[in-house]
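# What the coordinates show
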Amino acid sequence: MKKYFILFHILLISLVWVACTNENKQTVAESEQSQIQKDTAAACNKPTVIMDPNNAKPMALMMRQMVVNMDKMKGKLIAGERVTEKEFPFLRFYLVEPTDPNVLEPKFYENARLFQESYKQIFETKGLQAKAYNATISMCINCHQSYCSGPIKRIKKLLIH
Ligand code: HEC
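Summary of the structure given here.

What counts, and where the lines are drawn
- Residues numbered from 1 in each chain as written.
- Predicted model: local features only at pLDDT ≥ 70, side-chain atom pairs only at ≥ 80, totals over all residues.
- Heavy atoms only, no water.
- Helix = DSSP H or I, 4+ residues; strand = E, 2+ residues; numbered from the N terminus.
- Expected span 1.5 Å × (residues − 1).
- Buried < 20%, exposed > 50% of the residue type's maximum accessible area, 1.4 Å probe, protein only.
- Contact = heavy atoms within 4.5 Å.
- Donors = N, O, S within 2.8 Å, 3.2 Å for Na, K, Ca; no water.
- Tetrahedral: all angles 85-135°; square planar, octahedral: opposite > 155°, others 65-115°.
- Phe/Tyr/Trp six-rings, centres within 6.5 Å; stacked < 30°, edge-to-face > 60°.

## Topic: helix α2 (residues 58-78)
- Given a rise of 1.5 Å per residue, 21 residues ought to cover 30 Å, and the 30 Å separating the end C-alpha atoms of α2 matches this to within 8%.
- The complete set of buried residues in α2 reads M59, R64, M66, V67, N69, M70, M73, K74 and L77.
- Those residues of α2 that are buried are in contact with α3 (106-124), α4 (129-147) and α5 (152-156).
- Positive phi appears at G80, one or two residues downstream of α2, with a value of about 85°.

## Remarks on the coordination of the iron atom of the ligand
- Protein coordination of the iron atom of the ligand is provided by M63 (SD) and H144 (NE2), with donor distances spanning 2.0 to 2.3 Å.
- Geometry at the iron atom of the ligand is octahedral, judged from the six donor atoms that bind it and their angles of 86 to 179° at the metal. Taken together, the residues M63 in helix α2 and H144 in helix α4 connect sequence positions 81 residues apart.
- Judged by relative accessible area, M63 falls into the partly exposed class, the value being 23%.
- The exposure class of H144 is buried, given its relative accessible area of 11%.

## What about the packing of aromatic side chains?
- All chains considered together, the criterion is met by eleven aromatic pairs.
- Arranged with centres 6.2 Å apart and planes meeting at 40°, the rings of F115 and Y119 form a pair that is tilted. Of the two residues, F115 and Y119 are both situated in helix α3; the distance of four residues between them amounts to about one turn of the helix. Comparing F115 with Y119, the two get one shared label, buried.
- Taken together, a centroid distance of 5.3 Å and an interplanar angle of 70° make the contact between Y119 and F123 edge-to-face. Taken as a pair, Y119 and F123 lie in helix α3 at a separation of four residues, close to a single helical turn.
- Residue classification places Y119 among the buried residues on the basis of a relative accessible area of 4%.
- Judged by relative accessible area, which is 14%, F123 ranks as buried.
- Connected via pairs of aromatic rings, a cluster forms that spans F90, F93, Y94, F108, Y109, F115, Y119, F123 and Y147.

In structure tokens, the structure reads:
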């Protein structure tokens, strides 16, 4: 009888042990999963441009370059200068790897196309370049409202008032 009692306890302890280790495995997998999701979101949740070229994907780097370029363009337009496409060539950001490959869907490419059309207008317009420039910045914001809302505050600073 005592033997059964001990056996029963060994069985019970090992059952509890198996249950616990399984549970641990599951929570590790779950936390890895949520970490991946957080990382993807984090790429777009930074409100300002943070220079960490080692961790950034080509699309993020190109976006940072666009901020630099548009800032420079803004300065020239405010100073009353005319800007040319030769000086500010279009960056084909939609051809390079993003942090989150899920963004590469038809709506993203449509936004990119509209943005590119608007960008060309800055140089082709017979009217005020500053007005066409602001329209282009609105297209940045448009796409960012769907795909990457973190930098919107930064992008709005590019508008000419
Ligand atoms: C067609 C959609 C689209 C358009 C248009 C667009 N963006 Fe982006 N932008 C994105 C996506 C998607 C990311 C995330 C890229 C990544 O993490 O790889 C991003 C990232 C960024 C970032 C964050 C980069 C970083 O540090 O990680 C900035 C800043 C930015 N964009 C500025 C701009 C500006 C300025 C314009 C317009 C001149 C613009 N974007 C136009 C989709 C767009």
